[in-house]
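Structure at a glance
So you can see what is in the structure, the chains are spelled out below.
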Amino acid sequence: MEYLIPLVTVFCLTCVAIKVFNPIAQRVGLVDLPNERKLHVGAIPLIGGISIYFSVLLVSSIVIEQSQVFNLYLISAALILFLGVLDDKYDLSVRVRMAAQVITASILIFGAGLYLTSFGHILHFFEFRLGYVGIVVTVLAVIGAINAFNMVDGIDGLAGMLSLVTFSSLAFLFYWADNSWFMLPLLFIGAIVGYLLFNLKWPFPSFEKIFMGDAGSMLIGLTIVWMLVIGTQPDTSVFRPVTALYLIAIPLMDMTAIMYRRVKKGTSPFKPDRDHLHHIFERAGYNRKQTLIRISLASLLLAAIGVAAEIAHVPESIMFTTFLAIFAAYNWALSNVWQLLTWIRKQ
């Protein structure tokens, strides 16, 4: 009951916030309109992220012990949420978004004093220490996580389901380590479930559809990278750095692979297209529900492998090598997807 009450409360508050913000969003034009890349019908309110943030903010102020680090997280989350709302409304340039993301990373690094100091023993023979280079690595990690979840938000429920997998894994690992930070991902789980009721309109088809928006996907990416950095700090040591790769495997691999393919084609790595994993599933003949289920299960499997390997103390070098092999197979499969599908259908 100690944890169920906050979970139910944040879920209910998210649903209430969606009902409150919905008419406001439609009046001020904070809606997503269909275009050549967005194939939905009608103007959909972009209020998922705002609703998640305010519900988590209210409940966390009661159930989470206030500290300087937690308050700095709330400030950086508010900043990235504001950036996302502006992006949803005015479609900001890449430079503006990057500048704001660097500022939020600076709050984590120079405000909270948290940054990646080591990659652990991923090379087996010695610990891969970063020193002050870890500051630059952490900035890149923040930008990467924010954009990974932003890019993967392409079909109904996908960013929400993938973040549920990551937050559930984080909540379990922090709880396993008896670290009080586990309450933050737990609250996000409740809030995201509330959002998904409206986004997927299941099991209530009469609900009015909403989207997470850039505000929501970037908020989720920022929160996850904060938790990953906190969890890998030497003084907390909730999990090893290599485990983080498994917890965000699908968004990370999708972003990295698609950026590589864009650069290879001579286009900007940030130029939107329809070559993401979910687009490929759809062109292969799967409907959106089938695509959502398959990608979510793949994410759950990889996260479960990472969590199990962490608990079993599998050597970091083996975990890292295995992840590289998985990513190489993933990238090869996407690069040869049509030949692969032709071969499968002939069998």
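Residues numbered from 1 in each chain as written. Predicted model: local features only at pLDDT ≥ 70, side-chain atom pairs only at ≥ 80, totals over all residues. Heavy atoms only, no water.

**Some details on unusual backbone geometry**
For the record, the criterion: Think of it this way: any DSSP run of H or I at least four residues long counts as a helix, any run of E at least two long counts as a strand, and we number them from the N terminus.
That bond from W202 to P203 is cis: its omega, 5°, falls within 30 degrees of zero. In this fold, P203 is placed in the loop between α7 (183–199) and α8 (213–231). Backbone geometry places H124, a non-glycine residue, at a positive phi of 75°. Of note in the backbone geometry, D178 takes a positive phi value of approximately 55° without being a glycine. Relative to the assigned elements, D178 resides in the loop between α6 (158–176) and α7.

**Notes on a nonpolar patch on the surface**
Definition in use: Note on patches: the residues involved have over 30% relative accessible area and no salt bridge, like charges join within 9 Å, and the nonpolar side chains Val, Leu, Ile, Met, Phe, Trp and Tyr join within 5 Å. In this description, accessible areas are obtained by the Shrake-Rupley approach with a 1.4 Å probe, and a residue is regarded as covered only by the protein chains that are shown. When a carboxyl oxygen of Asp or Glu lies within 4 Å of a side-chain nitrogen of Lys or Arg, that pair is called a salt bridge.
On the surface, V16, V20, I24 and V28 cluster together into a nonpolar patch covering about 320 Å² of accessible area. Mapped onto the secondary structure, V16 falls in helix α1 (residues 4–28).

**Examining the nonpolar core**
The line we're drawing: Put simply, a nonpolar core is a bunch of buried Ala, Val, Leu, Ile, Met, Phe, Trp, Tyr and Cys residues held in one set by side-chain atoms that sit within 4.5 Å of each other. Buried means the residue's accessible area, taken with a 1.4 Å probe over protein chains only, is under 20% of the maximum for its type, while exposed means over 50%, and partly exposed covers the values in between. The contact criterion used is simple: two residues touch if any of their non-hydrogen atoms lie within 4.5 Å.
Core analysis: the largest hydrophobic core is formed by 107 residues, its most contacted members being Y73, F174, L184, F188, L219 and W226. Those residues in contact with Y73 that sit more than four places away from it in its chain are L184, F188, L219, T223 and W226. One finds A148, M151, M255 and I258 within the second-largest nonpolar core, a separate group that totals five residues.

**Looking at the packing of aromatic side chains**
Where we set the bar: Here a Phe, Tyr or Trp ring, Trp counted by its six-membered ring, pairs with any other such ring whose centre lies within 6.5 Å, and the pair is stacked when the planes are under 30 degrees apart, edge-to-face when over 60, and tilted otherwise.
With the rule as written, the count across this model stands at 16 aromatic pairs. When the centroid spacing of 5.1 Å and the interplanar angle of 85° are considered together, the rings of Y3 and F182 count as edge-to-face. Highlighted residues: Y3 in the segment before α1 and F182 in the loop between α6 and α7, separated in sequence by 179 residues. Residue classification places Y3 among the partly exposed residues on the basis of a relative accessible area of 30%. Judged by relative accessible area, which is 10%, F182 ranks as buried. Both rings, one in Y73 and one in W226, keep their centres 5.6 Å apart while their planes meet at 70°; by these two values the pair is edge-to-face. Placement of Y73 in helix α3 (residues 68–90) and of W226 in helix α8 is noted, with a sequence separation of 153 residues between them.

**Some remarks on helix α10 (residues 249–264)**
Our working definition: Working rule for helices: expected span equals 1.5 Å times residues minus one.
Taking 1.5 Å per residue as the helical rise, α10 with its 16 residues ought to reach 22 Å, and the 22 Å between its terminal C-alpha atoms agrees with that figure. Along α10, the residues that are buried comprise A249, I250, P251, M253, D254, M255, A257, I258, M259, R261 and R262. Check the buried side of α10 and you find it contacts α5 (133–151), α6, α9 (241–247), α11 (277–283), α12 (288–311) and α13 (316–335). Two residues or fewer after α10 comes G266, characterised by a positive phi angle close to 85°.

**A word on α1**
Defined as follows: The seven residues ending at a residue and the seven starting there each receive a fitted axis; the angle between those axes is the bend at that residue.
Under the 1.5 Å per step criterion, the end-to-end length of α1 is 36 Å for 25 residues, consistent within 8% with the ideal 36 Å. Approximately 30° is the largest bend angle found in α1, and it occurs at F21, with the proline P23 only one to four residues beyond. For α1, every residue scored as buried is listed here: P6, V10, T14, C15, A17, I18, N22 and A25. Residues of α1 that are buried sit in contact with β1 (31–32), β2 (44–45), α2 (48–63) and α7.

**Quick look at the pattern of salt bridges**
One pass over the structure, following the stated rule, counts four salt bridges. D156 is paired through a salt bridge with K209; the nearest N and O atoms lie 2.8 Å apart. Highlighted residues: D156 in the loop between α5 and α6 and K209 in the loop between α7 and α8, separated in sequence by 53 residues. Here K209 falls in the buried class, since its relative accessible area comes to 18%.

**Things to note about the environment of S296**
Which entries qualify depends on this criterion: For this analysis, a polar contact is any N or O atom pair within 3.5 Å, provided that within protein one partner can donate a hydrogen and the other can accept it, and provided that sequence-adjacent residues contribute only side-chain to side-chain pairs.
By the secondary structure assignment, S296 is in helix α12. Between the C-alpha atom of S296 and that of H124, which follows or precedes it by 172 residues, the distance is 31 Å. A polar contact is formed between the side chain of S296 and the backbone oxygen of L292, at a distance of 2.7 Å.

**Digging into the environment of V69**
Position of V69 relative to the elements: it lies in helix α3. For V69, a relative accessible area of 23% translates into the label partly exposed. Separated by 39 residues in the primary sequence, V69 and L108 have C-alpha atoms spaced 8.3 Å apart. Not counting residues up to four positions away in its chain, the partners in contact with V69 are A112, L114, W181 and W226.

**Describing the packing of α2 against α8**
Operational definition: In this analysis, axes come from line fits to C-alpha atoms, helices being fitted only over the stretch in contact, and the angle between any two N-to-C directions falls in the range 0 to 180 degrees. The cut-offs work like this: below 35 degrees is roughly parallel, past 145 is roughly antiparallel, 65 to 115 is roughly perpendicular, and the gaps in between are oblique. Residue polarity is assigned by list, with Asp, Glu, Lys and Arg as charged and Ala, Val, Leu, Ile, Met, Phe, Trp, Tyr, Cys and Pro as nonpolar; anything else, Gly included, falls into the polar class.
Across the interface, α2 lies against α8 with an axial gap of 6 Å and an inter-helix angle of 45°. Considering their axes alone, α2 and α8 lie oblique with respect to each other. Where α2 abuts α8, its residues G49, I52 and Y53 lie against A215, G216 and L219. Its residues assigned to classes, the contact of α2 with α8 shows four nonpolar, two polar and no charged.

**Observations regarding the side chain of Q101**
Locating Q101 in the fold gives a position in helix α4 (residues 94–111). With residues up to four places along the chain from it excluded, the contact list for Q101 reads I80, L83, V142, I143, I146, N147 and M218.

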